[in-house]
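For reference, the chains in residue letters:
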Amino acid sequence: MKRLWVQLTVAFAVVILVTVGVVGLLAGLSAGQAFRAYVAYSGALPHQALIERLVEYYESRANWAGVEQILDRAATFSPPAGGVRRPPPEPGGEPAPLQFVLADGSGRVVYDGVQGRVGRRLNREEQAAAQEITVGDEIVGQLVVSMPIRTGILGPLEEIFLARLRRWLVAGGLLAGGLGLLLGLALSRSLTAPLQRMAAAARAIAKRDFSRRVDVDGSEELSEVARAFNEMAVALEASEKQRQDMVADVAHELRSPLSVLQGNLRAILDDVYPLDKAEVSRLYDETRLLSRLVDDLRELALADAGQLGLSLQPIDVAEVARSAAASFAPVAEAQEVELRVEMDHDLPAVQADADRLAQILRNLLINALHHTPSGGSVRIHASRQDGFVKVAVSDTGVGIAPEDQSRVFDRFWRADRARARDERWARGTGLGLSIAQSLVEAHGGRIWIESELGVGSTLLFTLPVAG
């Protein structure tokens, strides 16, 4: 009973049975009542003699005033006196009484032996059973003759007809219920089939088969769920590939300093290298590289988990930028690279963490200085833009090809692998721009790159204005 298609089938069955039952009951009651009304109006037909008497009465008076004297006598006397044919009496009982309703030519009742409401209009049943009374070419009246609607007016044939009608209603209701039940079963299975396919695909993804997708079909709601499922599968597949690449890259980045450490320590143990301060200093540099790599990985892990601690407050971007530039001035001077800071006037404060903002600028400056040759320049510029402050770090390096610009924020990615093997560039971890991206997005901003081969690159990011 916990299966959705079973619950839907039961729900369909209950609704169909209740609907068919109610419709059958109402149809049976309505048909019985209508049939009795038919028998009541058709079982007592007015005799031509009564019609002729009414015509003579209207011709003599030109109205129906006092006509109740004739109709009262017709309702109580025998057929020869009343001028009507009475239906046969019930077994062992008195003859069935007659009821008369007389209306004028417009259908307004002038004599009412049924409801006693003179002046009303004839209803539809009375209009159908009425016999017109004409004088010349003018319809001057309509006479309705009936018996009281009760069970006793039905004869054996009429009772057989009603019993047969009820049986057909029951059989039709059962047939309709059975067909509805089968249709509900088919419909419920068709509704739940896409869900079962998605459940099978979800189990496959849980077993790390990230290539599984589901067909987008069915109703609009099921199609939307299928599209969302496929988008989730694509994201999981990309995330899994990124995780595998990152594990491989981390292993590669850790292997180099560990190999240096192991090789040098083995050489010292084998008396190949002397145990002096110079050799210890080289080993210490390798441990510092390992420490930076671990710290960077920890920053990224916190960013991925949404647990980066930020102490947000109004910060002067110009002050932080000048401080970051001052700390890199000796490096720029040693590389013969010009380092400039240019800020717009009346620059508003940003809502940011001062230490994290300084970390972003340091990472971007390291990247810019690494890719700027001697004689080039690196510039930090900030301006206001639609509720944000836009900061740009530009260099005059070789630039990045358009097909590679979408990967500059990938972890461990380098535009020039051969260059990365050179000793001057081998001290980085390859995570600086990824960390900068995570920090900017944690502040509610965005970061992107604009680059042209042979001209240089500009890394830009935005931070929200304070307040």
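Keep in mind it's a predicted model, so treat the numbers as computed, not measured.

Enquirer: Go over the confidence of the model for the protein chain, please, and point to the residues and values.
Expert: Any segment with low pLDDT has predicted coordinates that should not be analysed in fine detail. Across the protein chain, the average pLDDT comes to 79, with 81% of residues at 70 or higher. In the predicted structure, residues 78–86 sits below a pLDDT of 50 and forms 29 contacts with residues beyond four places in sequence or in another chain. Contacts of residues 417–426 to residues separated by more than four positions or lying in other chains number 15 contacts, the stretch itself having pLDDT below 50.

Enquirer: Tell me about the side chain of Ser223, and name the residues and values.
Expert: Of note, Ser223 is situated in helix H7 (residues 220–269). On the basis of relative accessible area, Ser223 is assigned to the buried category, the value being 7%. In contact with Ser223, not counting residues within four places along its chain, are Val216, Asp217 and Gly218.

Enquirer: I'd like to hear about the pattern of salt bridges, residue by residue, with values.
Expert: Taken as a whole and judged by the stated rule, the model has eleven salt bridges. Where Arg213 meets Glu237, a salt bridge forms, and the shortest distance between an N and an O atom there is 2.7 Å. Of this pair, Arg213 sits in the loop between helix H6 (156–206) and H7 while Glu237 sits in helix H7; the two residues are 24 residues apart in sequence, bridging distant segments of the chain. Its salt-bridge partner being Glu342, residue Arg340 comes within 3.2 Å of it at the nearest N-O pair. A relative accessible area of 29% means that Glu342 is categorised as partly exposed. Taken together, the shared-partner salt bridges in this structure form one network comprising Glu338, Arg340, Glu342 and Arg379.

Enquirer: How would you sum up unusual backbone geometry? Please name residues and give values.
Expert: Its identity as a non-glycine residue notwithstanding, Asp346 has a phi of 55 degrees, on the positive side. Phi at Asp386 takes a positive value of approximately 50 degrees, unusual for a residue other than glycine. With respect to the element layout, Asp386 can be found in the loop between strand S8 (377–385) and strand S9 (388–395).

Enquirer: If you had to explain the sheet that holds S8 to someone new, which residues and values would you point to?
Expert: Reading across from one edge, S6-S8-S9-S11-S10 is the order of the five strands in this open sheet, with mixed pairing throughout. Among the strands making up the open sheet, the edge pair consists of strand S6 (338–343) and strand S10 (447–452). Ignoring which end each strand starts from, the neighbouring axes of this sheet average 15 degrees apart. Pairing of S10 with strand S11 (residues 456–464), which is carried by six bridges, proceeds in the antiparallel orientation. Its bridge partner being in S11, Glu452 is matched across the sheet by Gly456. On the sheet, helix H9 (residues 317–334) packs against S6, S8 and S9 and is oriented at approximately 175 degrees with respect to S6.

What counts and what doesn't
Residues numbered from 1 in each chain as written. Predicted model: local features only at pLDDT ≥ 70, side-chain atom pairs only at ≥ 80, totals over all residues. Heavy atoms only, no water. pLDDT = per-residue confidence, 0-100. Contact = heavy atoms within 4.5 Å. Helix = DSSP H or I, 4+ residues; strand = E, 2+ residues; numbered from the N terminus. Buried < 20%, exposed > 50% of the residue type's maximum accessible area, 1.4 Å probe, protein only. Salt bridge = Lys/Arg side-chain N within 4 Å of Asp/Glu carboxyl O. Pairing = 2+ DSSP bridges. Axes fitted to C-alpha atoms, helices over the stretch in contact; angles between N-to-C directions.

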